[in-house]
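Each chain is listed here by its residues.
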Amino acid sequence: MAAVGTMAAMGPLPAMGALPPLPTLGVPGVPELKPLTRYEAMRLGPGWSHSCHAMLYAPNPGMLFGRIPLRYAVLMQMRFDGLLGFPGGFVDRRYWSLEDGLNRVLGLGLGCVRLTEADYLCSHLTEGPHRVVAHFYARQLTLEELHTIEISAVHSRDHGMEVMGMVRVPLYTQKDRMGGLPNFLANSFVGTAKFQLLFALKILNMVPEEKLAEAVAATQRPKKGAIDHSGGAGHHHKAGNELARAGNELGERAEHVGMMHGGAEQHLVGLEGDAEALEQQVGLGADEQGEGLE
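In this report, we go over the structure that sits alongside the text. Just so you know, these numbers come straight off a predicted model, no measurement behind them. (Residues numbered from 1 in each chain as written. Predicted model: local features only at pLDDT ≥ 70, side-chain atom pairs only at ≥ 80, totals over all residues. Heavy atoms only, no water.)

The helix and strand inventory of the protein chain stands at 9 helices and 8 strands. Out of the 294 residues belonging to the protein chain, those deemed buried represent 36%. Counted over contacts in the protein chain with a minimum sequence separation of 6, partners at least 24 positions apart contribute 69%. Accessible surface, the protein chain: about 16,700 Å² in total, of which carbon and sulfur atoms supply 57%. (Helix = DSSP H or I, 4+ residues; strand = E, 2+ residues; numbered from the N terminus. Buried < 20%, exposed > 50% of the residue type's maximum accessible area, 1.4 Å probe, protein only. Contact = heavy atoms within 4.5 Å. Areas by Shrake-Rupley, 256 points an atom, 1.4 Å probe, with all protein chains shown as cover.)

What follows is the structure, given as structure tokens:
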């Protein structure tokens, strides 16, 4: 009855026809979560739990390898359970507002940031047996401010306990179609974190929707590329051993002072040619396996 009284005191819901449709993720291969407004979320009964998490990000003018734009630095956390997630946690609505509860948790893990209702981005109902509504916030900072938070996080109470460390999300994709964002998305995420990451990157226009779809699709393909890459690495290792053996043989043959000068010179030239050819082979392979990016 108390819940009914509280809901009545908040007044009737606005006419649904007056509300614009809520944005959805719309990326193939990622299950869609049901969106709801903050107003609707606050009207949910006492049987619902509320989680609040935040994405802190900053424009990043850096160039990877001097030629690949990083565009943004986006912070996530490696948790105690080996899963990736965003800073935040559950908020007890009996004692805290969403933002007060979120800031309390952020203070334990980051130490020097406070979010407001202006940073609120979205709410979604989660799937599963537990009735949880996931609220998500996003705050744009300067790169210097973001770096300060990364340093502060190392000295926070939760560092090395519930939080193993902060990580930045790579937003680029390498030429092999797996390196960068696709490989990052292939990690294990807690709860709604992966969905929230993709949703924020889309809604905030940080990564084009088609690039998000390509990155997700790449994680769902058989990992033939990884096997081929491993085989290639073995090939280059073998070539490197052959090059080393050729160099050793070259040195040993040069020490044979009793051999004829003409024959020795011809043999040494031949060995040098073999070594040079192997060196070129190894070098060419390394270039092919290099950090080519888009």
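More follows now that the structure is in view.
Phi at Phe65 is positive, roughly 55°, even though this residue is not glycine. One can find Phe65 in the loop between β2 (49-64) and β3 (68-79). Of note in this structure, Arg177 is not a glycine but carries a positive phi near 70°. In this structure, Arg177 sits in the loop between β8 (163-168) and α5 (181-185). Overall, Arg177 belongs to the partly exposed group, its relative accessible area being 38%.

By the definition in use, this model includes 9 salt bridges. For the salt bridge of Arg79 with Asp81, the shortest nitrogen-to-oxygen distance reads 2.6 Å. Among the residues examined, Arg79 registers a relative accessible area of 23% and is labelled partly exposed. Given a relative accessible area of 35%, Asp81 falls into the partly exposed group. Its salt-bridge partner being Glu214, residue Lys211 comes within 3.8 Å of it at the nearest N-O pair. One end of the pair is Lys211 and the other is Glu214, both in helix α7 (residues 209-220) and 3 residues apart, which spans about a single turn. With relative accessibility at 38%, the residue Lys211 sits in the partly exposed group. Ionic contacts of the salt-bridge type, sharing partners, join the residues Arg38, Glu99 and Glu117 into one network. (Salt bridge = Lys/Arg side-chain N within 4 Å of Asp/Glu carboxyl O.)

Okay, the pairing of strand β6 (residues 120-125) next. One ladder, built from 3 bridges, connects strand β1 (residues 34-36) with β6; its direction is antiparallel. Looking at β6, one finds that Lys34 is bridged to Leu125. As consecutive antiparallel partners, β6 and strand β7 (residues 132-140) are separated by 6 residues, and within that stretch Gly128 has a phi angle of approximately 115°, a positive value. (Pairing = 2+ DSSP bridges.)

With that out of the way, let us pick up the nonpolar core. Counting residues in each nonpolar core, the largest one holds 31 residues, and the members touching the most others are Met55, Val74, Met76, Val169, Leu185, Phe189 and Leu197. Mapped onto this core, the elements with two or more residues apiece are β2, β3, β7, α5, α6 (193-203) and α7. Here the element with the most residues in this core is α6; it accounts for 7 residues. The next biggest cluster of nonpolar side chains, apart from the first, holds 24 residues, and it includes Met42, Leu102, Val133 and Leu146. (Core = buried A, V, L, I, M, F, W, Y, C linked by side-chain atoms within 4.5 Å.)

Aromatic ring pairs: the centre-centre distance and the angle between the two ring planes describe each pair. Inspection of the entire model under this criterion finds 5 aromatic pairs. Relative to Phe199, the ring of Phe195 lies with its centre 6.0 Å away and its plane at 15°, an arrangement referred to as stacked. In this pair, Phe195 and Phe199 both sit in helix α6, 4 residues apart, roughly one turn of the helix. The buried category is assigned to Phe195, whose relative accessible area is 6%. In this structure Phe199 comes out as buried when scored by relative accessible area, which is 3%. Residue placement shows Arg38 over the ring face of Tyr120; its charged tip is 5.4 Å from the ring centre. (Phe/Tyr/Trp six-rings, centres within 6.5 Å; stacked < 30°, edge-to-face > 60°. Lys NZ or Arg CZ within 6 Å of the ring centre and 35° of its normal.)

A word on helix α4 (residues 143-154). Spanning 12 residues, α4 covers 17 Å between terminal C-alpha atoms, matching the ideal 16 Å at 1.5 Å per step. The set of residues buried in α4 consists of Leu146, Ile149, Glu150, Ser152 and Ala153. One side of α4 holds all its buried residues, which, seen down the axis, span an arc of 165°. (Expected span 1.5 Å × (residues − 1). Arc of directions from axis to C-beta.)

Turning next to the packing of α6 against α7. At a minimum axis distance of 9 Å, the contact between α6 and α7 shows a crossing angle of 155°. Compared by their axis directions, α6 and α7 come out roughly antiparallel. The interaxial crossing formed by α6 with α7 has right-handed handedness. Of the residues in α7, those in contact with Leu198, Leu201 and Lys202 of α6 are Glu209, Leu212 and Val216. When grouped by side-chain class, the residues that make up the contact of α6 with α7 number 4 nonpolar, no polar and 2 charged. (Axes fitted to C-alpha atoms, helices over the stretch in contact; angles between N-to-C directions. Parallel < 35°, antiparallel > 145°, perpendicular 65-115°, else oblique. Left-handed = near helix turned anticlockwise from the far one by under 90°. Nonpolar A, V, L, I, M, F, W, Y, C, P; charged D, E, K, R; others polar.)

With that settled, consider the environment of Leu141. Relative to the elements of secondary structure, Leu141 occurs in the loop between β7 and α4. Since its relative accessible area comes to 10%, Leu141 is described here as buried.

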